[in-house]
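Single-letter residue listing:
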Amino acid sequence: MRYGHSVEAVRRAEGALMARVPEGALMQRAAAGLAAAGADLLGRVYGARLVVLVGSGSNGGDALFAAARLLRRGASGTAVLLAPERAHGEGLAAFRAAGGRVTGADGGAGVIAHADLVLDGITGIGGKGGLRPEAEPLARAARESGAAVVAVDLPSGVDADTGEVHGPAVHADATVTFGTYKPGLLIDPAAERAGALRLVDIGLDPAELGTPALEALQHADVAALLPRPTGESDKYRRGVVGVAAGSRRYPGAAVLAVSGALRGGAGAVRYAGPGGAAVLARHPETLVSTGSPHSAGRVQAWVVGPGLGDTAEARTAVDDALAADVPVLVDADGLRLLTPEAVRRRTAPTVLTPHAGEAAALLGRAREEVEAGRLRAVRELAARFGATVLLKGSTTLVADPDPERPVRVNATGIAWLATAGSGDVLSGLTGSLLAAGLAARDAASVGAYLHGLAARLSEVPLTALDLADALPRAWRNVSE
Ligand SMILES: NC(=O)C1=CN([C@@H]2O[C@H](COP(=O)(O)OP(=O)(O)OC[C@H]3O[C@@H](n4cnc5c(N)ncnc54)[C@H](OP(=O)(O)O)[C@@H]3O)[C@@H](O)[C@H]2O)[C@@H](O)CC1
Ligand SMILES: [K+]
């Protein structure tokens, strides 16, 4: 598991550790890790040209000490001081002693144009708001230069706790972060500014960091959660998932949701609705009925919503599914037919899987606002509906109705996933994991993980059916 902790938690753990180690030791650990990462990126340190962007806090101190280490290995360097009176004194002395030159913000863009490596030490976890006006042209020059841009702890200008970006921010090729990941490194739009991530252990105690704000499953976590048939399993014990999706107008959604469901680990899939003929043509193993979920027979979880439209039949399908005392996943058209009260009344878990537009409609705000503040939006929806919410998008987030539990962030997705029907496959897959017995948060995060991985293992440009077909490969890939 990869964890992201809030700035408050990092400060607490750092404070406790600083009381136990000699003064300056943590900054030296951070600087050593940063210098090693810089050296790896450069390949050859001797003769390399560095530029260090230095703000007024310890983030600039880390950058200066790291640069001093690289200068002692034969690099040359210039520090661009954004607040000359307040730059980290000891860091600056070390940098000067190693032969570093110093300039003000005005001289920055000129040296950046000839740099091989730019270290962004403008702000770290102490930064507030976007870059200030004097820093903005330097960030732009770094982006436009041929230099590798390495952010120290965080790309300056991004919000460490939320992944929001309020104004201009540094765009890094890599970020070297200290002690633990910060949520902003894992959530867009900030994550996209961070580039490749490297975590440097500075000795923070996990107990002092406490419960993370965010967690990201890795292969081993997913492998441990995947349902596995045993010798005692028959198809009913493995779980039966019901799919109420598709309509006469959109029979394809039924086929795609069933495709995902068949690849999700449940023992059987029941389909209820008007798309039965199309489903059987592609998946003869499906148990098809034409009525509503109520008359479809027993299932361990329902998936309702993809391609339902907004007819009376669609409404009945959603109401029926919600009335069943089993986990229910609601997606797409189904989301428009929900009220928070109807979801909150349920005793079995509910999973909602909106994309940003659907989340915006549920919250009554603009889509751009949801995309700019994904973490806030997913938490708010989970609280409002008392449901597990999977917010799809460039970084997919899964929030539990219990606000104390870390939000899960999925790292496997790729841009090619934004293709028609891709969400229908995800809802079927996740519903199947629910039917197989996974807890709602696990089903949603494992579903998102396998779905993203399947996309990575597919030929691109991919179609939704390719995704469903690649799911067994994704399954095998995590299990190996
Ligand atoms: N603590 C530890 O043990 C360790 C900490 N470590 C390192 O320290 C970093 C945290 O250091 P920090 O607390 O000094 O804050 P930091 O991020 O450098 O910036 C704050 C300064 O910036 C200013 N400022 C604010 N917003 C701004 C903006 N938008 N644009 C421009 N300036 C802005 C603000 O001053 P202001 O001008 O607002 O008065 C303030 O002076 C952490 O990320 C890690 O790198 C490591 O060495 C490991 C050990
Ligand atoms: K930084």
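Since the model is a prediction, treat every value here as computed from it, not as a measurement.

### Re the overall build of the chain
Now for step 1: Secondary structure assignment for the chain yields 21 helices and 18 strands.
Now for step 2: Along the first, second and third principal axes, the C-alpha set of the chain runs to 80 × 40 × 40 Å.
Now for step 3: Across the 480 residues of the chain, 56% fall into the buried class.

### Brief notes about the sheet that holds strand β7 (residues 174-178)
Now for step 1: Spatial ordering of the open sheet is given by β4-β3-β2-β5-β6-β7-β8, a layout of seven strands whose pairing is parallel. Both edges of this open sheet fall to β4 (101-104) and β8 (196-200), since each of them pairs with a single strand only. Recorded for the sheet is a direction-independent mean angle of 20° between the axes of neighbouring strands.
Now for step 2: Of the pairings in the sheet, the one linking β7 to β8 comprises five bridges and is parallel in character. Considered in β8, the bridge of Thr-175 is made with Leu-197.

### Concerning the packing of helix α19 (residues 422-435) against helix α21 (residues 464-479)
Now for step 1: Orientation of α19 relative to α21, taken along the N-to-C sense of each, is 30°, at an axis distance of 8 Å. With respect to each other, α19 and α21 are oriented roughly parallel. The two elements α19 and α21 cross, and the hand of that crossing is right-handed. In this structure, α19 contributes Ser-422, Asp-424, Val-425 and Leu-429 to the contact, and α21 contributes Ala-464, Leu-467, Ala-468 and Leu-471.
Now for step 2: Here the residues of the contact of α19 with α21 sort into six nonpolar, one polar and one charged.

### Quick word on helix α4 (residues 89-97)
Now for step 1: Along α4, the residues classified as buried are Gly-91, Leu-92, Ala-94 and Phe-95. All buried residues of α4 fall inside an arc of 160° around its axis, so they share one side. For α4, the exposed residues set more than 90 degrees away from the buried face come down to Gly-89, Ala-93 and Ala-97.
Now for step 2: Its buried side turned inward, α4 meets α3 (58-72) and β3 (76-81).
Now for step 3: Positive phi appears at Gly-99, one or two residues downstream of α4, with a value of about 100°.

### A short note on the site of ligand 1
Now for step 1: Neighbouring residues of ligand 1: 25 residues in total, closest Gly-57, Ser-58, Asn-59, Gly-124 and Gly-126.
Now for step 2: The class makeup of the residues in the shell around ligand 1 is 10 nonpolar, 10 polar and five charged.

### Digging into the environment of Val-304
Now for step 1: In this structure, Val-304 sits in strand β13 (residues 301-304).
Now for step 2: Looking at Val-304, the number of C-beta atoms within 10 Å reads 34, which means it is buried.
Now for step 3: Note: C-alpha distance between Val-304 and Val-318 (14 residues apart in sequence) is 6.2 Å.
Now for step 4: Val-304 has contacts with Ala-244, Pro-293, Ala-317, Val-318, Ala-321, Val-328, Val-330 and Gly-334, leaving out every residue within four places of it along the chain.

### With respect to the UniProt feature "binding site: K(+)" (unreviewed entry) in the chain
Now for step 1: When the UniProt feature table is mapped onto this chain numbering, "binding site: K(+)" (unreviewed entry) sits at Asn-59, Asp-120 and Ser-156. A compact arrangement is adopted by the annotated residues: their sequence extent is 98 residues, whereas the largest C-alpha distance between any two is 9.5 Å.
Now for step 2: If you trace the backbone, Asp-120 turns up in strand β5 (residues 117-121).
Now for step 3: With residues up to four places along the chain from it excluded, the contact list for Asp-120 reads Leu-53, Val-149, Val-150, Ala-151, Val-152, Pro-155, Ser-156, Val-170 and Ala-172.
Now for step 4: Structurally, the position occupied by Ser-156 is in the loop between β6 (148-152) and β7.

### Looking at the nonpolar core
Now for step 1: The biggest cluster of nonpolar side chains holds 165 residues, and the ones touching the most others in it are Val-52, Leu-64, Ala-67 and Leu-119.
Now for step 2: Two domains each provide a minimum of three residues to this core, namely domain 1 (2-214) and domain 2 (219-479).
Now for step 3: Leave out the neighbours within four places in its chain, and Ala-67 touches Leu-50, Val-52, Gly-77, Phe-95, Gly-100 and Leu-119.

### Remarks on helix α2 (residues 25-42)
Now for step 1: An ideal rise of 1.5 Å per residue puts 26 Å on 18 residues; α2 measures up with 26 Å between its terminal C-alpha atoms.
Now for step 2: Turning to α2, its buried residues are Leu-26, Met-27, Ala-30, Ala-31, Gly-33, Leu-34, Ala-35, Ala-37, Gly-38 and Leu-42.
Now for step 3: Buried residues in α2 make contact with α1 (7-18), α3, β5, β6, β7 and β8.
Now for step 4: In the segment just after α2, Gly-43 is the residue with positive phi, at about 80°.

### Comments concerning the pairing of β7
Now for step 1: Of all the five residues making up β7, four are buried; the element is thus mostly covered by neighbouring parts of the structure.
Now for step 2: Across three bridges, β6 lies against β7 in parallel orientation. If you follow Val-152 over to β7, its bridge partner there is Val-176.

Definitions and cut-offs
- Residues numbered from 1 in each chain as written.
- Chains lettered and ligands numbered in written order.
- Predicted model: local features only at pLDDT ≥ 70, side-chain atom pairs only at ≥ 80, totals over all residues.
- Helix = DSSP H or I, 4+ residues; strand = E, 2+ residues; numbered from the N terminus.
- Buried ≥ 20, exposed ≤ 12 C-beta atoms within 10 Å, placed from the backbone.
- Pairing = 2+ DSSP bridges.
- Axes fitted to C-alpha atoms, helices over the stretch in contact; angles between N-to-C directions.
- Parallel < 35°, antiparallel > 145°, perpendicular 65-115°, else oblique.
- Left-handed = near helix turned anticlockwise from the far one by under 90°.
- Contact = placed C-beta atoms within 7 Å.
- Nonpolar A, V, L, I, M, F, W, Y, C, P; charged D, E, K, R; others polar.
- Arc of directions from axis to C-beta.
- Near = placed C-beta within 6 Å.
- UniProt positions renumbered as here; feature names shortened; annotations may be inferred.
- Core = buried A, V, L, I, M, F, W, Y, C linked by C-beta atoms within 7 Å.
- Domains from an automatic or database assignment.
- Expected span 1.5 Å × (residues − 1).

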